Amino acid sequence: DLENLFLGMGYEVAEGPEVETDHYNFELMNLPKGHPARDMQDTFYIDENTLMRTHTSPVQAHVMLDKIANGGAQPIKVICPGKTYRRDDDDATHSHQFAQCEGLVVDKNITMADLKGTLELFVKKMFGEKREIRLRPSYFPFTEPSVEVDISCGNCGGKGCSMCKGTGWIEILGAGMVNPHVLEMCGYDPKEWQGFAFGIGLERVAMLKYDIDNIRDFYND
């Protein structure tokens, strides 16, 4: 459903390796060795420089560098769905293996308004026309500015209930404008090109859409 939605919006689907290098998974995402944010993504290392990818963000780096190698900087509009891995304790809302879908748009004159409009359309198509979004300032090394994205609670219509812990909102994904340093490392001149990116947890979307309260239901018999 997610792929069909974004394909209808003119996106292409890009894929990358699940066994990734530190360079693509972290360093090109503005997470150099020793960066404290690496601790947020407890990683399965195979050796010092090889790991199971902790997010699908490295696919964005592959796509940008491939564009540079094959004709130079050019517009990008892709989603990157796939499996990701983290050393996490499995419980009702966490899994050591989960699915993610990153989105990346790079072009000239891209703004935060383009990101917000894209996410509003995604939420209304996926959850219904009455759902609204809220952007809250956050921090991710690979985007600047960064936001956490909430959707209005479908159970109470935003009035506040036990499902949304009385706030009327439920957190759903992270997003932001691509950090100029990330663009530069991947061959794009940040003075000429801008972009936005978002990361969607597929199980998170399915749990909210289909009222599933335990992530383990996706893979337990």
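What comes next concerns the included structure.

What counts, and at which threshold
Residues numbered from 1 in each chain as written. Predicted model: local features only at pLDDT ≥ 70, side-chain atom pairs only at ≥ 80, totals over all residues. Heavy atoms only, no water. Disulfide = S-S within 2.5 Å. Buried < 20%, exposed > 50% of the residue type's maximum accessible area, 1.4 Å probe, protein only. Pairing = 2+ DSSP bridges. Helix = DSSP H or I, 4+ residues; strand = E, 2+ residues; numbered from the N terminus. Axes fitted to C-alpha atoms, helices over the stretch in contact; angles between N-to-C directions. Salt bridge = Lys/Arg side-chain N within 4 Å of Asp/Glu carboxyl O.

**Here's the deal with the state of the cysteines**
And then number 1: By the definition in use, this model includes zero disulfides.
And then number 2: Looking at the unpaired C161, the closest cysteine sulfur is the one in C153, lying at 3.7 Å.
And then number 3: C161 sits in the buried class, given a relative accessible area of 16%.

**Description of the sheet that holds strand 2 (residues 19–21)**
And then number 1: Strands sit in the order 2-4-3 across an open sheet of three strands; the sheet is antiparallel. Of all strands in the sheet, those bounded by a partner on one side alone are strand 2 and strand 3 (45–47). Geometrically, the sheet is characterised by an average inter-axis angle of 35 degrees between neighbouring strands, direction not taken into account.
And then number 2: Bridging between strand 2 and strand 4 (residues 50–52) involves three bridges; their strand directions are antiparallel. From the neighbouring strand, E20 faces strand 4, where its bridge partner is L51.

**Considering the sheet that holds strand 9 (residues 169–178)**
And then number 1: Strands sit in the order 1-5-6-10-9-8-7 across an open sheet of seven strands; the sheet is mixed. Either end of the sheet is taken by a strand with one partner, and the two such strands are strand 1 (12–13) and strand 7 (133–140).
And then number 2: Of the pairings in the sheet, the one linking strand 8 (residues 143–152) to strand 9 comprises eight bridges and is antiparallel in character. Within strand 9, the position partnered with D150 by the bridge is E171.

**A look at the pattern of salt bridges**
Once their charged atoms are close, side chains differing in charge can pair, the charge on each being opposite to the other.
And then number 1: As enumerated under the stated definition, the model contains six salt bridges in all.
And then number 2: With a closest N to O distance of 2.7 Å, K108 and E192 form a salt bridge. Here K108, found in the loop between strand 6 (97–107) and helix 4 (112–127), pairs with E192, found in the loop between helix 5 (180–185) and strand 10 (194–201); they are 84 residues apart in sequence, far enough to count as distant.
And then number 3: With its nearest N and O atoms 3.5 Å apart, the salt bridge here joins E171 to R136. Note that E171 is positioned in strand 9 and R136 in strand 7, a separation of 35 residues in sequence.
And then number 4: With a relative accessible area of 26%, R136 lands in the partly exposed category.
And then number 5: Here the salt bridges do not stand alone but share partners, grouping R134, R136, D150 and E171 into one network.

**With respect to the pairing of strand 10**
Within a regular strand, the side chains alternate between the two sheet faces.
And then number 1: With six of eight residues buried, strand 10 is to be regarded as a mostly interior element.
And then number 2: As defined by bridge partners, strand 6 adjoins strand 10 across eight bridges and the pair is classed as antiparallel. Paired with E102 across the two strands is G199, which belongs to strand 10.
And then number 3: The pairing of strand 9 with strand 10 spans five bridges and is antiparallel. Bridge pairing in strand 10 links G176 to A197.

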